[in-house]
Amino acid sequence: MNEKKSVLKNPSFQAIIASLLCIVLGLLIGYVVLLIINPSGAGESIKTILLNFFTRSSQAAQIKALGNTLAKTAPLLMCALSICFCYKVGLFNIGAAGQYEAGACAGLYCALVFGMPWYLCLIFSACAGALIGAISGFLKAYRNVNEVISGIMLNWIMLYMTNTLLSKGKAKDPSSPYTVRLSSGNPDALLPRGIMGKLFANNNTATIAITLSIVFAIVIWIVLSKTKFGYELRATGFNKEAARYAGMKEKKNIIITLAIGGALAGIGASFLFLTGYQEWSTTQTSVPGMGFNGIAATFLGGLHPIGTIFASFFIQNITDGGALIDKSVYPSQISDLISSIIIYLCGFVFFFKFAFNNYLNKKQPETSKVTGNVIEEHSETTAKVADAAEETITKAADAVDNTIAEVADAAEETIVEATDVAKEMGGEK
């Protein structure tokens, strides 16, 4: 019973249950919306959204489609890690979208204008994202500007700055509103495929980004949970005043946190655009959804770097699946609706945990009553054993006293007889 109760009250177990509940409710509400639009194809559509690549006709096509989903999961995971890392330190990095844009701008500009190889483009993407994150961190630390406000403003600033920089010179394709394809502009800037291409039916977009994003998730978990640096960052997030009193540099920690979050989001942009999967549209007027989808993946993953891996894949999977439904009947944005509902429900995760703990606590009195009866019975048994032991000890003590008395009498009698014999022998002499 105790083992079962300890599992049910485990925070990780409760986070998994709450996330699964959010997914089920989100899918159920999405299914209801599909029923309202057209009942006849609702079941098949929700099935398509969930199965995604499994709906392909052949196994090779399924594997290749899986590679496409994973290729887009990698940048989503990096954006989710950016938000997760900052949230663990008490900061809501809604500016991940702007940092993502900065990373895309730096990576593509270095690749197409300066002709740099992929690893240098990756480094500059990280630096650009870190710079934008550090700006929000500086405003938060030294001017107490909420990171949400500065992050939203920087999202739009970086959108139009990226459009401006990439719409000129070698970066822009003169025949379209997109940037030049890396395969023709600078093949050396494409991320290497390694064994990923072979694993996913020679899919050119399946690169080392998939593996690297998972490695980043594990590293972030280790840094936050197992290192002194991570402890200081989390302590700063819990209470800045207490952190300062303990000798920690809370202002520096805030800036470093948002800079690291920005670097992760910037790398995420390179993980998408340096694969050649798509090009940047220099005429877009809306902030890319990758940063905001990262919020869904973060909360759905239970605010844990490892959980974020699976949540990111799920979000991208239903997003790709939504593009496969019959668009003449249903809008492809139904997957976005499901994602947004899941985000909304994730806000009630703490309520779910609270209700679940209350349920367990209601069971506690019954368990306590049973335990009390067992303890009472045990106490009565112990008392009986103690009385019996005391009686045995008393009898043993009396027996010992009697034995000692008899031995003493016998010894006294022996001594008297020995004395008399000694006197007789002395008289004869």
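Because the structure is a prediction, the values reported are computed rather than measured.

Observations regarding the layout of surface pockets
- Of the pockets and cavities examined, the largest pocket occupies roughly 770 Å³.
- Residue lining of the largest pocket: 33 residues in total, with Ala15, Gly301, Gly302, Leu303 and His304 positioned closest to the centre.
- When contributions to the lining of the largest pocket are tallied by element, the ones reaching two or more residues are helix H2 (11–37), helix H4 (59–88), helix H10 (209–226), helix H11 (228–238), helix H14 (290–300), helix H15 (305–322) and helix H17 (349–428).
- The biggest single contributor to the lining of the largest pocket is H2, with eight residues.
- For the lining of the largest pocket, the class distribution of residues is 20 nonpolar, ten polar and three charged.
- In this structure, the second largest pocket encloses a volume near 530 Å³.
- Around the second largest pocket, the lining is made up of 25 residues, and of these Leu272, Gln278, Gly289, Met290 and Asn293 lie nearest the centre.
- Looking at the lining of the second largest pocket, the elements with two or more residues in it are helix H13 (250–273), H14, H15 and helix H16 (334–346).
- Per-element tally for the lining of the second largest pocket: the top contributor is H15, with four residues.

Re the packing of aromatic side chains
- In total, this model carries nine aromatic pairs according to the counting rule given.
- Ring centres of Tyr109 and Phe114 lie 5.6 Å apart, and the angle between their planes is 70 degrees; this geometry places the pair in the edge-to-face category.
- When the centroid spacing of 5.8 Å and the interplanar angle of 85 degrees are considered together, the rings of Trp118 and Tyr119 count as edge-to-face.
- Residue classification places Trp118 among the partly exposed residues on the basis of a relative accessible area of 23%.
- Among the aromatic residues, those joined into a ring-pair cluster are Tyr100, Phe273 and Trp280.
- For the cation-ring pair, Lys251 lies above Tyr142, with the distance from its terminal atom to the ring centre recorded as 5.4 Å.

Here we look at the side chain of Ser150
- With respect to the helices, strands and loops of the structure, Ser150 is situated in helix H7 (residues 147–166).
- Overall, the relative accessible area of 1% leaves Ser150 in the buried class.
- Within the structure, Ser150 has its side chain in polar contact with the side chain of Ser136 (distance 3.3 Å).
- Setting aside chain neighbours within four positions, we find Ser150 in contact with Ser136, Leu139 and Val145.

Some words on the environment of Ile83
- Structurally, Ile83 is set in helix H4.
- The class for Ile83 is buried, based on a relative accessible area of 0%.
- In this structure the C-alpha to C-alpha distance between Ile83 and Ala96, which are 13 residues apart in sequence, comes to 6.9 Å.
- Look past the residues within four positions of Ile83 in its chain and what remains in contact with it is Phe92, Asn93, Ala96, Gly291, Gly294, Ile295 and Thr298.

What to know about the packing of H15 against H16
- Packing of H15 against H16 leaves a shortest axis separation of 8 Å and a crossing angle of 150 degrees. One element, H15, and the other, H16, form an angle in the roughly antiparallel class. Contacts between H15 and H16 involve Phe314, Ile315, Ile318, Thr319 and Gly322 from the first element and Ser335, Ile338, Ser339 and Ile342 from the second.
- A breakdown of the residues in the contact of H15 with H16 according to their chemical character gives five nonpolar, four polar and no charged.

Structural notes on a nonpolar patch on the surface
- Judged by side-chain polarity, Ile149, Met153, Ile157, Met161 and Leu165 come together as a nonpolar surface patch covering roughly 450 Å² of accessible area.
- Secondary-structure assignment places Met161 in helix H7.

Topic: the side chain of Asn93
- Checked against the element boundaries, Asn93 lands in the loop between H4 and helix H5 (96–112).
- Classification of Asn93 by relative accessible area gives buried; the value is 3%.
- Here the side chain of Asn93 touches Gln99 through a polar contact of 3.0 Å, side chain to side chain.
- Residues in contact with Asn93, not counting those within four places in the same chain, are Ser82, Ile83, Cys86, Gln99, Leu258 and Gly261.

Analysis parameters
Residues numbered from 1 in each chain as written. Predicted model: local features only at pLDDT ≥ 70, side-chain atom pairs only at ≥ 80, totals over all residues. Heavy atoms only, no water. 1 Å grid on protein atoms, 1.4 Å probe; cavity = no way out; pocket = protein on both sides within 12 Å on 5 of 7 lines; lining within 4 Å. Points joined across faces, edges and corners; volume = space filled by probe spheres on them. Helix = DSSP H or I, 4+ residues; strand = E, 2+ residues; numbered from the N terminus. Nonpolar A, V, L, I, M, F, W, Y, C, P; charged D, E, K, R; others polar. Phe/Tyr/Trp six-rings, centres within 6.5 Å; stacked < 30°, edge-to-face > 60°. Buried < 20%, exposed > 50% of the residue type's maximum accessible area, 1.4 Å probe, protein only. Lys NZ or Arg CZ within 6 Å of the ring centre and 35° of its normal. Polar contact = N/O pair within 3.5 Å; in protein donor to acceptor, adjacent residues only side chain to side chain. Contact = heavy atoms within 4.5 Å. Axes fitted to C-alpha atoms, helices over the stretch in contact; angles between N-to-C directions. Parallel < 35°, antiparallel > 145°, perpendicular 65-115°, else oblique. Patch = residues over 30% accessible without salt bridge, like charges linked within 9 Å, V, L, I, M, F, W, Y side chains within 5 Å. Areas by Shrake-Rupley, 256 points an atom, 1.4 Å probe, with all protein chains shown as cover. Salt bridge = Lys/Arg side-chain N within 4 Å of Asp/Glu carboxyl O.

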